[in-house]
There are 2 protein chains.
Amino acid sequence: MKQYIYTFSEGNKNMRHLLGGKGANLAEMTQIGLPVPAGFTISTEACNQYFENNNTISDSIRKQIDESVHQLEQKVNKRFDGSPCLLVSVRSGAVFSMPGMMDTILNLGLNDHNVKSIAESTKSGRFALDCYRRFIQMYSNVVLEIPMYLFESILEDCKEKYHLKDDQDLMENHLNEIISSYKQVVLNESGKEFPQSPKEQLYSAIEAVFKSWNNERAKIYRKINNIPDEVGTAVNVQMMVFGNMGDSSGTGVVFTRNPSSGEKKLYGEFLMNAQGEDVVAGIRTPKAISELEKIDKPVYDELLKASQLLEAHYSNMQDIEFTIEMGKFYLLQTRNGKRSASAAVKIAIDFVEEGILDEKGAIKQLDPNQIDQLLHPVFDQEKLQAAEVLATGLPASPGAATGQIFFDAKTAEKAKAEGKEVILVRMETSPEDIQGMISSNGILTARGGMTSHAAVVARGMGKCCVSGCTHLEINELNRTANLGGLMFKEGDFLSIDGSTGHVYQGKIETISSILNADFEKIMSWADKFSRLSVLANADSPTDAQKALEFGAKGIGLCRTEHMFFDGNRISDIREMILAKTNSNRKFALNKLYPHQKNDFKGIFRVMRDLPVNIRLLDPPLHEFLPKSKPEMEEMAKVLNISLEEIEKVTEALMEVNPMMGLRGCRLGLIYPEIYEMQVQAIISAALEVQEEDQFTPVPEIMIPLVGNETELSRLKSLAEGVLIDLDPSEKLGKVKIGTMIEVPRACMVADKVASHADYFSFGTNDLTQMTLGYSRDDAGIFIKKYKELKVLKADPFQQLDQEGVGELIKIAIEKGKKTNPLLKIGVCGEQGGDEASVHFFNTLDIDYVSCSPFRIPKARLAAAQAALPQD
Amino acid sequence: MKQYIYTFSEGNKNMRHLLGGKGANLAEMTQIGLPVPAGFTISTEACNQYFENNNTISDSIRKQIDESVHQLEQKVNKRFDGSPCLLVSVRSGAVFSMPGMMDTILNLGLNDHNVKSIAESTKSGRFALDCYRRFIQMYSNVVLEIPMYLFESILEDCKEKYHLKDDQDLMENHLNEIISSYKQVVLNESGKEFPQSPKEQLYSAIEAVFKSWNNERAKIYRKINNIPDEVGTAVNVQMMVFGNMGDSSGTGVVFTRNPSSGEKKLYGEFLMNAQGEDVVAGIRTPKAISELEKIDKPVYDELLKASQLLEAHYSNMQDIEFTIEMGKFYLLQTRNGKRSASAAVKIAIDFVEEGILDEKGAIKQLDPNQIDQLLHPVFDQEKLQAAEVLATGLPASPGAATGQIFFDAKTAEKAKAEGKEVILVRMETSPEDIQGMISSNGILTARGGMTSHAAVVARGMGKCCVSGCTHLEINELNRTANLGGLMFKEGDFLSIDGSTGHVYQGKIETISSILNADFEKIMSWADKFSRLSVLANADSPTDAQKALEFGAKGIGLCRTEHMFFDGNRISDIREMILAKTNSNRKFALNKLYPHQKNDFKGIFRVMRDLPVNIRLLDPPLHEFLPKSKPEMEEMAKVLNISLEEIEKVTEALMEVNPMMGLRGCRLGLIYPEIYEMQVQAIISAALEVQEEDQFTPVPEIMIPLVGNETELSRLKSLAEGVLIDLDPSEKLGKVKIGTMIEVPRACMVADKVASHADYFSFGTNDLTQMTLGYSRDDAGIFIKKYKELKVLKADPFQQLDQEGVGELIKIAIEKGKKTNPLLKIGVCGEQGGDEASVHFFNTLDIDYVSCSPFRIPKARLAAAQAALPQD
């Protein structure tokens, strides 16, 4: 019979796929001698078997559960429904950590009968009843799917009735009353009595965990995090230990280092006389972990020792759950701790200094997607001087955000869709709020700690978050919030700082964060290991400056058309478009020439001796024409021509599928004057900068949309013609002329094209459009649907389609290198900054990727990770 | 020193590339002992050398010319400017026959001095002066570029002044007067005296021939006929023989068989006492060749014998020019004769019967593009009963045409561009009229014979032509024509029959020609040798019927969307598009279902047991929505919904690049109800037809626009779901399910796609669009420009781009066959009916091509030729 269940002594951390992350780690901790309550893990294979078996637990698995329970009873010397009475927790444990997504049931095994014997054996009727009350509530909600508020309101009514402040004030009589009401709710809602058999409770709980794998929240989480649906979840069944067995008991959640700053110091919270859920749910505000040292030094020391052991064992910062049962310390869970980007960087560097990791290990531990966070905005310090702090909450996720406040996820989502900047303001967040959080610049909650849902999820998303802002009062009915005595309506502006916890009135301008020395160190390590260079897509001196700051090794794509929209250049280009003769066109181009030249000079001055790869005009000319009648009338006035003429030209240039129309090198061949002017501007700019600033710019000229050898050879000759006239070779050296490869045909004839090119730059955006036949402007609708239908795993415009587009790129490189072994090869589409895509590009004979400035650090890190051997 | 010149005794017919067609044939005829006036050929290499040498004849070539002239003088025992006096013709001779395109000069060598010695030696002052008069006129026009009308008007004035009717009535005094006036014109126009040195005349004439290679007319002809510009022309210099040396002299043009009907009988015209140009130019109306037998039997017999010898020698029908000089027969030229399609078919079959060719040779001799002509319309015989013959001209090129008359090429071209059906009506046509002829349904001329420019060119184009319609009087000034006593204005309707020469008033309906037994025989031979099957693209029973008549082996592409536009089905599909729920959508689809089923039944009934490959819905849904406001209002009324709703949906469905939007299988995945309905309609139709008509239709189901394995596997499952419900397998056998390969990505993942497909059908139209990034709707402009700039050799939508699209097809076939060796492979784009493309497809592992019905015979012939070994 296939083994579907493993005790914690049987497993280890390498069995994640079978035992889930939590189960594997419980087993691993058991293996290394840490105090973990005994238990067993029902494997992910059992979960998949459950789904295959028409959502039924098979007899063979049922039998293995019975046997495992029996073994557990032997081991801990307790009995299900016996004395001493065994209670268990049932928790999901997916292969990848999915915080808050899956359901957990504690205190399973309790019933009307054994609650009394527990009361006797623990000598605390209150404790036993509180456990039972919690169990009924949790089980009924998770397994029987009875809404939580039905129970919450009974609890609140009771407290109100007896004028009690906290849950802890509930005495046996109150609890008995509550339990009785709870059971009535269960009967009303489910039509059945609350189940009394611990085995039945266990089977149903396990089934509920399996089912929860497919609940909407879990699906959304998996979708966001690209976790395949087929993985399944394991279920951990573990002897209960109680943090709520009086004042020498407690529970806590701790990070081995500060997850916001990376500081090497235990960081977390605990509550005495409480169960774990009280800490995580953020309902009671817990104490800082440092307080524990004062309350129970031996336990604190044990926690500290365990933390150090785990960190060294996993070579990673850990997120630990622990419980103290009447002075005895138990570890309930460990996992790699989520952390802010800056914490991740600091921890990686500290680990290297402490000898826990080497530089390569440090690089591999970082998440390229998270690096983005470091680039997130902070408040403009000058503007901040004038701002008044309305309130202070917990600095739950770093960064600064400003926006209009909205009180629920749906409204926030809608506001975002309308183009508003959003701050989501909630009492506390729950998994249902995920879409709303995604839509927000920042999240502000009234309740919950640093490990609350809002805090954990926001850090994961790299969103700024202030949690536990106790001075925040929300009136959901009136849709207003009171903060520091001031009233705010929905739609009013607030600004929050997730690094300080401060909340400010109104808008405060944000600026990009200043990158620190740690970041620079990590990036320099990354560059040591990378094979791919990272260049930038930048069209202006400002962008170029940003790219340099982020470590770009040059500009891989400088689009020239954006420059045409500046100021009154647009009239000049329109005049050029309307020109009926070559000489009229040249006249208009002559007006554009000095502007283009100055644009290029500005960029050369920033990039100095790094290459600047300039793409000649690419978009169809109609993009420069006005779309609306008033704009056309304005244009008619400016250019002193008739509206009819403009309408006629606009009509003539209109295209059914402009993506595949008269653009790119097709323009260059039909209106050679345009490209001539551009090449002249590029070379003259370089020569002038050299003369004025005494360094040598490195311009490169890129011909777009080539699909045919002749296109490139003709336009190369045209460019060379200009080069011969200006004769820059002595001063600038050889000016490289290359082409974008963005039409599938170009890949097929890459050998012929390569013989005229100094380099290929794969324009993976357009290449994706044409290879897949997906118009980027239109495909959003069906790509979304395709992802839902699992026809696509990822959006091919975000992550390179390796099978299709990637295969074409492979062919093109192979063919290109055959005729031109010196051919330089780069990628300048958006996917150049995507982690998975960079890994793929690293496997090919590619020299560089080029992406927008803010994606450069991510790409540098991904390039290093791609170059390092995989585990 | 490189040999640039070859005497006729040195060359042969295999030296076409060096000597041009005319030169190689003159040499060949000399070789086989036919009476060809002596001469030599200046090679095409000399022509290219001339262009390379800055349009100058190099010294080395000049030297070879001098030597060749000297040898010629020796051989014929005459002297340039001596006695007996050598006169020569100078003619161009391109590698491919280019009738009327290149310029010719006769009687070269004459001057004021030797014209007198010729008069003495021939004892005919009139003859010598007439030669000189013609020579000055021709040389001045061709070499000195003096307009012809200046000379014509002098000639006409002289005839008027002396009341002379024909050129033949001109006597010595008249001719002296004319020559004197001609020379004055030359002096006025060129600023120089008419050149007197025969050598100078010769050099200039040779140069003029070289130059004429690049004149506009030649360029247009080459463009139409896909002749590369780099080929160059040879120049033939040949001793003059004179058809105008009195009544025992003459000249003629003859086809060895009738070029219209193919009848085995000499066919052509001659004129006594005339030079060749008189026959070709159509200025004097010549006599039928049969008359020659009566006038000069020995010469006629010699001509007949030469014809038979040449036909057997070339295994092809010949077009011969001959001259009789004082009773002596000379052959001046032979070349493969242009012929009508039906003549080509008849001649090929007769050649096989006569043992001149075998069946393979016959197939190879036919031109697939010309086969189209056989499918050209004839008049509806019933309608013709009522029509009255206005006039009868020569039946110059078969077929019937009806349209509005226009009197010049430019106006005809313009009318055609405006969508009018055009009949070009001219006194006679000239090479300048080519564009106008292309734009016309038919050509009607007042002058010129069966070998006139109009006749020859029209036959080549497969246009109907009536020439030499002497009852036609054209008033170019008033833009009217008088025909049989009736006055017609420009724009009035006429109908002409190029097979009878009849001209009718008004419009007469045309119908497709009935294919004869000869055609069937050729097609059956073709099918014997072909490897590729030819199927049809047909969407209706009518088209299917036509396809069957033309020999289609099935339907390779039946588009289902055209059916949706019929009658009020469009409302149903609109209702479907507007449906907000699946059930509303299904409701609308249920209304469409019986129509679709009946459509398919109709097609199955025609095709019987031949396969019918039906493509599920492909175009984006917005194609079915109204575009204009009135149409939208109409739709709102019909469907009883608000205009706003329609505008909203239209807006929502609008796409920037619809070619790469929500269409094809993307629709099928997002709205599975549509494809389900279609598959149900297909299978039910087949089952019902089988039941009703007692034969078994062969439906095949094709999924369009697949680019991803999952798309096909999902939609295949969907179709199979319907198949399971209807369970046709016992009755219909296995229903094949395949996919169109039209997205480049599909080629890259063809191995994976193939594992779910019974067949691939390459949709080369869309595949071309996406591989090249050419939107078919927009690319016209730049494809035209690209052909002019020689960036493209052919329009890739007409002739498959072998390097790009072809390479992708190769890859896809290789990959597809790897995982599915039984995979059937076809091509269903327009290029499936193109000759060059069929040759390419034949080299690949492709089973069939599918094209529109009228292209089927062409494709069948091309497929046979492709399969036969090349010479």
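Here the structure is a predicted model, which means the values were calculated and not measured.

Asks: How should the overall build of chain A be read in this particular structure?
Replies: From N to C terminus, chain A includes 36 helices and 31 strands. For chain A, the C-alpha radius of gyration of 32 Å lies close to 29 Å, the compact-globule estimate for 871 residues. Along the first, second and third principal axes, the C-alpha set of chain A runs to 100 × 60 × 50 Å. Nonlocal contacts in chain A, meaning residues at least 24 apart in sequence, comprise 69% of its contacts between residues at least 6 apart. Here chain A displays about 34500 Å² of accessible surface, and carbon together with sulfur accounts for 49% of that area. Considering chain A, the positive charge centre built from 97 side chains and the negative charge centre built from 120 side chains are found 2 Å apart.

Asks: Is there a simple way to think about the relation of the copies chain A and chain B in this case?
Replies: Copy one and copy two of the chain differ by a rotation about a common axis and a shift along it. The transform that puts chain A on chain B rotates by 180 degrees and translates by 0.0 Å along the axis, for an RMSD of 0.2 Å. Such a combination of turn and shift is consistent with a two-fold rotation axis. Looking at the rotation axis and the C-alpha trace of chain A, the residue lying nearest is A:Asn657, at 2.1 Å. When the interface residues of chain A are mapped onto chain B, 100% of them are again interface residues, pointing to one common binding face.

Asks: I'm lost on the packing of aromatic side chains in this one. Help?
Replies: Aromatic ring pairs are described here by two measures, namely the spacing of the ring centres and the angle between the planes. All names here are of chain A. According to the stated counting rule, one finds 32 aromatic pairs over all chains in the structure shown. Between Phe-135 and Phe-194, the aromatic rings sit 5.6 Å apart at their centres with planes inclined by 85 degrees, giving edge-to-face as the arrangement. Of this pair, Phe-135 sits in helix H5 (residues 125–142) while Phe-194 sits in the loop between helix H7 (172–190) and helix H8 (198–212); the two residues are 59 residues apart in sequence, bridging distant segments of the chain. Taken as a pair, Phe-135 and Phe-194 share a single burial class, namely buried. Note on Phe-760 and Phe-762: the rings are 6.3 Å apart at their centroids and 85 degrees apart in plane angle, and the pair reads as edge-to-face.

Asks: When you look at unusual backbone geometry in this model, what are you seeing that I'm missing?
Replies: Negative phi characterises most residues that are not glycine, and trans characterises most peptide bonds. All names here are of chain A. Residue Ser-83 is joined to Pro-84 through a cis peptide bond whose omega torsion reads -5 degrees. Relative to the helices and strands, Pro-84 is located in the loop between helix H3 (59–76) and strand S3 (88–94). Although it is not a glycine, Lys-123 sits at a positive phi angle of roughly 55 degrees. Counting through the fold element by element, Lys-123 comes out in the loop between helix H4 (114–122) and H5.

Asks: Help me out: how do you make sense of the pattern of salt bridges in this one?
Replies: Between side chains of opposite charge, a pair can form as their charged atoms come close. This model, assessed by the stated rule, comprises 99 salt bridges over all chains. Of the charged contacts in the structure, one is a salt bridge between B:Asp433 and B:Arg426, with a shortest N-O distance of 3.3 Å. Residue classification places B:Arg426 among the buried residues on the basis of a relative accessible area of 15%. Residues joined in a network through salt bridges with shared partners are A:Lys597, A:Lys601, A:Arg605, A:Glu688, A:Glu692 and A:Asp693.

Asks: It is not clear to me how the state of the cysteines should be interpreted in this structure. Could you clarify?
Replies: Note: disulfide means a covalent bond formed between the sulfur atoms of two cysteine side chains. All names here are of chain B. Taken as a whole, this structure holds 0 disulfides over all chains when the rule is applied. Cys-665 takes part in no disulfide bond, and the closest cysteine sulfur, belonging to Cys-747, lies 14 Å away. In this structure Cys-665 comes out as buried when scored by relative accessible area, which is 0%.

Asks: Just to check I follow, could you spell out the side chain of A:Thr560 for this structure?
Replies: Topologically, A:Thr560 is positioned in the loop between strand S25 (555–559) and helix H22 (569–578). For A:Thr560, the side chain forms a polar contact with the side chain of A:Gln678, separated by 3.0 Å.

Asks: Any chance you could explain the sheet that holds S25(A) here in plain terms?
Replies: Each strand in a sheet pairs with its neighbour through backbone hydrogen bonds, running either in the same direction (parallel) or in the opposite one (antiparallel). Residue and element names in this part refer to chain A. With parallel pairing, 8 strands are arranged side by side around a closed barrel as S24-S25-S26-S27-S28-S29-S30-S31. The mean angle between the axes of side-by-side strands here comes to 30 degrees, regardless of whether they run parallel or antiparallel. Bridge analysis of strand S24 (residues 533–537) against strand S31 (residues 848–851) gives 4 bridges, and the strand direction is parallel. When the sheet's bridge partners are listed, Leu-535 is paired in S31 with Ser-850. The strands touched by helix H34 (residues 802–819) are strand S29 (759–762) and strand S30 (824–827); relative to S29, the strand with the most contacts, the crossing angle is about 175 degrees. Those strands touched by helix H36 (residues 856–867) are S24 and S31, and its axis lies near 160 degrees from that of S24.

Asks: Please clarify how the pairing of strand S16 (residues 442–445) of chain A should be interpreted in this entry.
Replies: On a regular strand, one side chain projects to one face of the sheet and the next to the other, so that they alternate. All names here are of chain A. Burial along S16 is two-sided: the residues Gly-442 and Leu-444 and Ile-443 and Thr-445 are all buried. Where strand S15 (residues 422–426) and S16 come together, 4 bridges link them in parallel fashion. Bridge assignment links Val-425 to a residue of S16, and that residue is Leu-444. For S16 and strand S17 (residues 464–467), the ladder comprises 3 bridges, and the chain directions are parallel. Bridge pairing links Ile-443 to Cys-465 in S17.

Asks: Just to check I follow, could you spell out the packing of H5(A) against H7(A) for this structure?
Replies: Axes are the key here: two packed helices are described by the angle between their axes and the distance separating the axes. Residues and elements named next belong to chain A. In contact at an axis separation of 9 Å, H5 and H7 are set at 20 degrees when each is read in the N-to-C sense. Between H5 and H7, the angle falls in the class roughly parallel. The element H5 and its partner H7 pack so that their crossing is left-handed. Along the contact surface, H5 presents Gly-125, Arg-126, Leu-129, Asp-130, Tyr-132, Arg-133, Ile-136, Gln-137 and Ser-140, while H7 presents Glu-172, Leu-175, Asn-176, Ile-178, Ile-179, Tyr-182, Lys-183 and Val-186.

Asks: Whenever I open this one, the interface of chain A and chain B confuses me. Can you help?
Replies: Accessible area lost when the parts come together is the quantity often used to give the size of an interface. With 46 residues of chain A at the interface, the matching set in chain B holds 46 residues. Summing both partners gives a buried area of about 4100 Å² for chain A against chain B, and 57% of it is carried by carbon and sulfur. Inspection of the chain A/chain B interface yields 8 salt bridges. A salt bridge links B:Glu807 to A:Lys815, with the shortest nitrogen-to-oxygen separation between them at 3.8 Å. One can count 28 residue pairs in polar contact (both at pLDDT 80 or more) joining chain A with chain B.

Asks: Quick question: what am I supposed to make of the environment of A:Lys784 here?
Replies: Residue and element names in this part refer to chain A. Looking at the element boundaries, Lys-784 is found in helix H33 (residues 780–788). Given a relative accessible area of 56%, Lys-784 falls into the exposed group. Sequence separation between Lys-784 and Ala-794 is 10 residues; the distance between their C-alpha atoms is 9.4 Å.

Asks: Which parts of the structure should I look at to understand the sheet that holds strand S19 (residues 480–483) of chain B?
Replies: Residue and element names in this part refer to chain B. Ordered by their spatial adjacency, 3 strands build an open sheet running S18-S19-S20, and the pairing between neighbours is antiparallel. The open sheet has two edge strands with one neighbour each: strand S18 (472–475) and strand S20 (486–489). On average, adjacent strands in this sheet sit at an angle of 25 degrees to one another, irrespective of strand direction. Where S18 and S19 come together, 4 bridges link them in antiparallel fashion. Directly across from Leu-472, in S19, lies its bridge partner Leu-483.

Asks: How should the nonpolar core be read in this particular structure?
Replies: The nonpolar side chains of a soluble globular protein tend to be buried with one another. Residues A:Ile703, A:Phe760, A:Phe762, A:Ile809, B:Phe760, B:Phe762 and B:Ile809 are the most contacted members of the largest nonpolar core, which totals 278 residues. Excluding residues that lie within four positions of it along the chain, A:Ile703 makes contacts with A:Leu616, A:Cys665, A:Tyr675, A:Leu712, A:Leu715, A:Ile737, A:Gly738, A:Thr739 and A:Met740.

Asks: It is not clear to me how a negative patch on the surface should be interpreted in this structure. Could you clarify?
Replies: All names here are of chain A. Residues Glu-633, Glu-644, Glu-647 and Glu-651 make up a contiguous surface patch of negative charge. Ranked by residues supplied to the negative patch, first place goes to helix H25 (residues 643–653) with 3 residues. Within the fold, Glu-651 resides in helix H25.

Asks: Which parts of the structure should I look at to understand helix H1 (residues 16–31) of chain B?
Replies: Helical periodicity: at 3.6 residues per turn, an α-helix aligns residues three or four positions apart in one direction. All names here are of chain B. Between the first and last C-alpha of H1 there are merely 15 Å, a value that for 16 residues lags more than 12% behind the 22 Å anticipated at 1.5 Å per step. For H1, the full list of buried residues reads Leu-18, Leu-19, Gly-20, Gly-21, Lys-22, Gly-23, Ala-24, Asn-25, Leu-26, Ala-27, Glu-28 and Met-29. Gly-33 sits one or two residues past H1 and shows a positive phi near 85 degrees.

Asks: I would appreciate a short explanation of the side chain of A:Gln690 in the present structure.
Replies: Assignment of secondary structure puts A:Gln690 in helix H27 (residues 672–693). When residues no more than four places from it in sequence are discounted, the contact partners of A:Gln690 are A:Phe695, A:Thr696, A:Pro697, A:Lys731 and A:Leu732.

Asks: Please clarify how the environment of B:Leu366 should be interpreted in this entry.
Replies: Residue and element names in this part refer to chain B. Here Leu-366 is to be found in the loop between helix H14 (359–365) and helix H15 (368–371). With relative accessibility at 4%, the residue Leu-366 sits in the buried group. Separated by 329 residues in the primary sequence, Leu-366 and Pro-37 place their C-alpha atoms 32 Å from one another. Apart from residues lying up to four places away in sequence, Leu-366 is in contact with Ala-344, Val-345, Ala-348, Ile-522, Leu-861 and Gln-865.

Asks: So what exactly am I meant to see when it comes to the pairing of strand S18 (residues 472–475) of chain A here?
Replies: Burial along S18(A) is one-sided: the residues A:Leu472 and A:Ile474 are buried and none of A:Glu473 and A:Asn475 is. Linkage of S18(A) to strand S19 (residues 480–483) of chain A, two consecutive antiparallel strands, is achieved through a turn of 4 residues, within which A:Arg479 is found at a positive phi near 55 degrees.

Asks: So what exactly am I meant to see when it comes to helix H21 (residues 541–549) of chain A here?
Replies: Residues and elements named next belong to chain A. For H21, the full list of buried residues reads Ala-544, Lys-546 and Ala-547. Angular distribution of buried residues about the axis of H21 spans 160 degrees; they occupy a single face of the element. Note on H21: the residue one or two positions beyond its end, Gly-551, has a positive phi of about 90 degrees.

Parameters at a glance
Residues numbered from 1 in each chain as written. Chains lettered and ligands numbered in written order. Predicted model: local features only at pLDDT ≥ 70, side-chain atom pairs only at ≥ 80, totals over all residues. Heavy atoms only, no water. Helix = DSSP H or I, 4+ residues; strand = E, 2+ residues; numbered from the N terminus. Rg over C-alpha atoms; globule rule 2.2 N^0.38 Å. Contact = heavy atoms within 4.5 Å. Areas by Shrake-Rupley, 256 points an atom, 1.4 Å probe, with all protein chains shown as cover. Lys, Arg positive; Asp, Glu negative; His and termini not counted. Charge placed at Lys NZ, Arg CZ, Asp CG, Glu CD. Least-squares fit on C-alpha atoms with pLDDT ≥ 70 in both. Phe/Tyr/Trp six-rings, centres within 6.5 Å; stacked < 30°, edge-to-face > 60°. Buried < 20%, exposed > 50% of the residue type's maximum accessible area, 1.4 Å probe, protein only. Salt bridge = Lys/Arg side-chain N within 4 Å of Asp/Glu carboxyl O. Disulfide = S-S within 2.5 Å. Polar contact = N/O pair within 3.5 Å; in protein donor to acceptor, adjacent residues only side chain to side chain. Pairing = 2+ DSSP bridges. Axes fitted to C-alpha atoms, helices over the stretch in contact; angles between N-to-C directions. Parallel < 35°, antiparallel > 145°, perpendicular 65-115°, else oblique. Left-handed = near helix turned anticlockwise from the far one by under 90°. Buried area = accessible area lost by both parts, 1.4 Å probe. Core = buried A, V, L, I, M, F, W, Y, C linked by side-chain atoms within 4.5 Å. Patch = residues over 30% accessible without salt bridge, like charges linked within 9 Å, V, L, I, M, F, W, Y side chains within 5 Å. Expected span 1.5 Å × (residues − 1). Arc of directions from axis to C-beta.

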